[in-house]
Every structure is written in structure tokens, then in C-alpha cells.
Amino acid sequence: MRENKTLIERFKQSFTNRKFKQGAYSSLITTIVVLVILIANMIVSELDLKLDVSNEKLYTLTDATKEFVKDIDHDIKIYYIVESGNEVSMVQRIVNKYNNLSDHVEVVTKDPVLYPKFASQYVEANTDVADNSIIVVDEANGRSKYIPYSDMLIQSIDYNTYSSTTTGIDVEGQITSAIQYVVSEELPTMYEVQGHGEAEVSTTLASYLAKQNVNKQTLDTLSADKIPEDCSFLLLNGPVYDYIDDETTLIMDYLKNGGSAIILANYAVSTDKMPNFNSILNYYGVSLVDSYVIEGDSNHHMSKMPTYLVPDITSHDITSDITSSNKPVVVPAAKGIQVMKDVRSTLTIEELLKTSDKAYAKTNIESQVYDKEDTDVAGPFSLGVAITEKIDDVETKIVIYGSNYLLDDSMITYEQLGNTDLFLSTINWMADVSVETLAIPTKTFDNNYVTLTSAQANKWSVFTILIIPAAFILTGIFVCLRRRKR
């Protein structure tokens, strides 16, 4: 009996000794921490408070979208078309973020199984609406825009296997563009002049224009009686053959009456062969140097490519977004632009892009020598200028760039370059529309590459090949000497 009592007493004492108290305290703290984590996780899940740690901020909306959407006074519905269980997490997370931007914007998920006829009121007949597609509707004016799921994917094709790989997404860019489309009463129309060997707007650039809600049309000035009234601006994209007199008059009459134009030069065409084209430029106070520009300063051209110019970007409304993002602009195979003497007082000519003082223009475009020769024209040169002329209430706007390769696919496909942003900013500046087009970049899964000038490439080569190895060697010698002294 005594033994049983002793066992009971020991058992009771085990709950009051120091070890038990420490263990109980630890268990209590652990339980509290687990409960706090569970509650915090529930709050985060309920409020969608997720931290975007991806390199490209794939799930974070840009400031441009936030600023644009918060000022909208139209009631917008964003319909996310997807069958339950087929949601693509990446698309769903980005779409749902629009719910928090404005009281006027609402995201609604529509399951096509439950609502089989819903999408048909907004898309063309016989259109197969894929899961994870989007329909944006302005309930005030009834305008809508359909965004297929495939349009939100950035894909590259391997021409060896003819297979495609998804390399990025464009969910935000497409949705914000669609919102802008449905709320805007007026959007810019660009007429691309053709018939003179001009470079065509590439598929990539055309897709950017479509996303910016720029209506792209073509214009044959040889057969046209006048420039269409809905023309916001003309695009003269590096003509190879000159305009006839009637075409020149047609373009000049349009510009003198408040028209706008983006003009890009073609380095391979002699100015002697383009008197009418050059007469348009001369009338507005500028001329082209009849040769291509070579940059003598290694800080102003791409590595080992002195004709791929990296100009200085001057302060202007067109270039403000590019300078703030610190993106370089690359201008390949460019003609220099020079301001003429005795420019009339009504003209304002502002420089956008300029070479260094060491730039020069080859007088012989067939020359294979990059070094400066005695016959070459010394710089500096403008590579882009913005021209305005206001007479009474009539304002003309013209932007001239020294190379049509500025908009080549090889330039605009690189997100780290500012070429695309420059062109879209040019459109915003000159197009007389009530709503500025937005440039929301795509989000890529690929690694971003740094664009270096020749001088920068040389500096980094010295640093990685000489300085870093030398630092390791010196450190090793220092450690060995100290050990020997001991």
C-alpha cells in the first residue's frame, strides 16, 4: 500500500518539478506561435496579401496601370472566362488585382459550363473562347474588348523543331489596353505611307501598336486625292524612291494645315535622288547629311559596332519616360540630321537624340574603312529632332529620326532597349487624342541581358580578366606570408 502511495506521489510531483514547468512553457510558446502563423496565413489568404518575389515582378501591377485605372469614372467589368478547376494561377492572380484598384472596376469570373451563352454577346460568331480568356466591358457605353488567352502569352518558336515555348506573359498589358479602349472616345489613327520602297511596320511593332490602341492604316499617296480626315499622323518609314510632285504637294498641304508626321531616313539612299522628300524636311528647317554616321567615342556605340549608335538622350516630353527608366536607345545605320540656317521664327526645333563630338559621317557609303578619313564630315549630329510650328490656331508636329532601323525587329524585341518606348512616346506627343496611350511592358521568364557600350565592355573585361584574379592572388600571397611569420 505504501509503495502505491509512493508511486502516486511521484506521479503528482512530476507535474510540479522544474523540468515539467520548462516543458510546459515550451509547449505553450510553440502552440501560440503555430496559432499566430495559422491566423496570419488565413488573413493573407483572405485578403490576397501575397508578396511578389519574382525577378520580373510577374504578379505586380505597374504604376502606370494603377494611376490610369484609379482615375476612371466609368463602371468597368472584367469578365474572367474559365471553367472551374482550369484556372491558370498566374493569370488569375493578376486579373484579381484589378479588383483593388478602383471602386469602378469589378472582376467577375464566368464559368462557360454554367453560362454557355455569356461570351457570345461580346465575341464574333463561331469564336472558340478558350479558358482563361478575358472580356472587358464598359457598362456605360456598352463597348467591349475580347482578349484571347493566347494573346496574353509571349511565345518563341524553335525553327529546328518547329515547337513553341512560352517565354513570358502580357496579362496586365492586354487588360489595361482593353480598359483604355472601351473608355476612350477617340484613339489615334496612323497612316503608313507606301509605294516608295518604305520598310513595312514589322509584326512585332504592329502588335505593340494594337496593344496601344493605335489604329494602323496604309496610304498610297500616288492614288489618294487627300490625306484622310481621321489621320492623326503619317508614318514615312525610310522611303527609297522619291515622291512625285503631286504627292509632295499632298503631304505638304496636310502638314501646313495642322497635320503631324513621323519621318525616318534611309541611310542607303543618296539625298540627290530624293529632292522632293528632302524638300519636305528643308521646309521644316532640317537637312540630312548624305552619308551614314560612325561614332568615334566608344561610350556612344555598341561593342565593336561603331555604326550602332548609342546617342545621348536630351530632355523632352518624348524622352522623359526613357530617361527616368535609364534605358539606352540604339540607332543603327543612321544619317545625321542638321538644323539649317535662317530657320523661320515660327518653327521650334528641339533635339531628342545626339551623337558625341567625336562622331563623323562617311562621305563614301561604299567605304569599308571605319576610321575617319579626310573627306568625312565631322560631327556632332542630331539623330532625332522634334519640330513644331504654330501659326494662329494651327499647329504642325513632326518628329524626324536618322534611321528607319530604329524600329527594326532586331531593336524593338529587346525589352532593355528604349527604342519601342521612344516610338510610342513619340505617338503620345504628337497624336491629338484625349487619352494618352499606355506602354505596359510584357513580363518575360527569360534572363534579361545588359546592353553595354564598347567602352563599358572593355572596362568589365579588364575587371573580370585582370583585377579579380589579381585580387585572389594577392590575398593568397598575403595569407601565406602571415602564416610563415607565425
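Report follows, based on the coordinates. (Residues numbered from 1 in each chain as written. Predicted model: local features only at pLDDT ≥ 70, side-chain atom pairs only at ≥ 80, totals over all residues. Heavy atoms only, no water.)

Now for the sheet that holds strand β15 (residues 331-332). In spatial order, the strands read β12-β13-β15; together these three strands make up an open sheet with antiparallel pairing. In this open sheet, the two strands that pair with only one neighbour each are β12 (301-302) and β15. Of the strand pairs in this sheet, β12 and strand β13 (residues 305-309) are connected by two bridges, and their pairing is antiparallel. Among the inter-strand pairings, His301 is bridged to a residue of β13, identified as Leu309. (Pairing = 2+ DSSP bridges. Helix = DSSP H or I, 4+ residues; strand = E, 2+ residues; numbered from the N terminus.)

This part takes up the pairing of strand β20 (residues 382-391). A regular strand carries its side chains on alternate faces of the sheet. In terms of burial, β20 is a largely internal element, eight of the 10 residues being buried. Across seven bridges, strand β17 (residues 347-354) lies against β20 in antiparallel orientation. The residue bridging Glu351 from the neighbouring strand is Val385, located in β20. Here β20 runs beside strand β21 (residues 394-401); their pairing, made up of eight bridges, is antiparallel. Note on β21: the bridge partner recorded for Ala386 is Val399. (Buried < 20%, exposed > 50% of the residue type's maximum accessible area, 1.4 Å probe, protein only.)

What follows covers the side chain of His196. For His196, the location among the structural elements is in the loop between β7 (189-194) and α6 (203-211). The contact partners of His196, leaving out residues within four places of it in the chain, are Thr221, Pro239, Val240, Tyr241, Asp242, Tyr243 and Glu247. (Contact = heavy atoms within 4.5 Å.)

Within this structure, the stated rule accounts for seven aromatic pairs. When the ring of Tyr79 is compared with that of Phe118, the centres are 4.6 Å apart and the planes differ by 65°; the resulting orientation is edge-to-face. Of this pair, Tyr79 sits in strand β1 (residues 76-81) while Phe118 sits in the loop between β2 (105-110) and β3 (133-138), and the two are 39 residues apart along the sequence. You can call Tyr79 buried: its relative accessible area is 9%. For Phe118, a relative accessible area of 14% corresponds to the buried category. Taken together through their ring pairs, the aromatic side chains of Tyr79, Phe118 and Tyr122 make up a single cluster. We note Lys110 situated over the ring of Phe118; from NZ or CZ to the ring centre the distance is 5.0 Å. Sitting above the plane of the Tyr181 ring, Lys145 keeps its charged end 5.2 Å from the centroid. (Phe/Tyr/Trp six-rings, centres within 6.5 Å; stacked < 30°, edge-to-face > 60°. Lys NZ or Arg CZ within 6 Å of the ring centre and 35° of its normal.)

Quick look at empty space enclosed by the protein now. Taken as a whole, this structure holds two cavities of 30 Å³ or more when the rule is applied. Volume-wise, the largest cavity comes out at about 70 Å³. Every residue lining the largest cavity is listed: Pro239, Ala265, Asn266, Val269, Ser270, Thr271, Met274, Phe277, Asn278, Leu288 and Lys335. (1 Å grid on protein atoms, 1.4 Å probe; cavity = no way out; pocket = protein on both sides within 12 Å on 5 of 7 lines; lining within 4 Å. Points joined across faces, edges and corners; volume = space filled by probe spheres on them.)

Where α6 contacts helix α11 (residues 419-430), the axes come no closer than 12 Å and their chain directions differ by 45°. The orientation of α6 with respect to α11, classified from their angle, is oblique. Of the two possible hands of crossing, α6 and α11 adopt the one that is right-handed. Residues Leu205, Tyr208 and Leu209 of α6 form the contact with α11, whose own contacting residues are Thr420, Phe423, Leu424 and Ile427. By residue class, the composition of the contact of α6 with α11 is six nonpolar, one polar and no charged. (Axes fitted to C-alpha atoms, helices over the stretch in contact; angles between N-to-C directions. Parallel < 35°, antiparallel > 145°, perpendicular 65-115°, else oblique. Left-handed = near helix turned anticlockwise from the far one by under 90°. Nonpolar A, V, L, I, M, F, W, Y, C, P; charged D, E, K, R; others polar.)

This part takes up the packing of helix α4 (residues 89-96) against helix α5 (residues 171-183). Between two packed helices, both the angle of their axes relative to each other and the distance between the axes serve to describe the pair. Where α4 contacts α5, the two axes come as close as 10 Å, and the packing angle between them is 40°. Relative to α5, the element α4 is oriented oblique. Crossing handedness for the pair α4 and α5: right-handed. For the pair α4 and α5, contact is made by Val91, Ile94 and Val95 and by Val171, Glu172 and Ile175, respectively.

Taking strand neighbours across the sheet as the criterion, the four strands line up as β2-β1-β3-β4 in an open arrangement whose pairing is mixed. Of all the strands in the sheet, just β2 and β4 (144-147) have a single pairing partner and so form its edges. This sheet shows a mean twist of 15° between the axes of neighbouring strands, independent of strand direction. With six bridges connecting them, β1 and β3 associate as antiparallel partners. Within β3, the residue paired with Ile78 across the bridge is Val136. On the sheet, α4 packs against β1, β2 and β3 and is oriented at approximately 165° with respect to β1. α5 contacts β1, β3 and β4 of the sheet and is inclined by roughly 160° relative to β4.

With that out of the way, let us pick up the nonpolar core. Leu209, Tyr401, Phe423 and Ile427 are the most contacted members of the largest nonpolar core, which totals 36 residues. Residue assignment for this core shows that the elements contributing at least two residues are α6, β9 (233-237), β10 (260-264), β11 (286-294), β17, β20, β21 and α11. When residues of this core are assigned to their parent elements, the largest contribution, six residues, is made by α11. Sequence-distant contacts of Ile427, defined by excluding residues within four places in its chain, comprise Leu209, Val214, Phe233 and Ile262. One finds Leu219, Ile263, Phe277 and Leu281 within the second-largest nonpolar core, a separate group that totals 30 residues. (Core = buried A, V, L, I, M, F, W, Y, C linked by side-chain atoms within 4.5 Å.)

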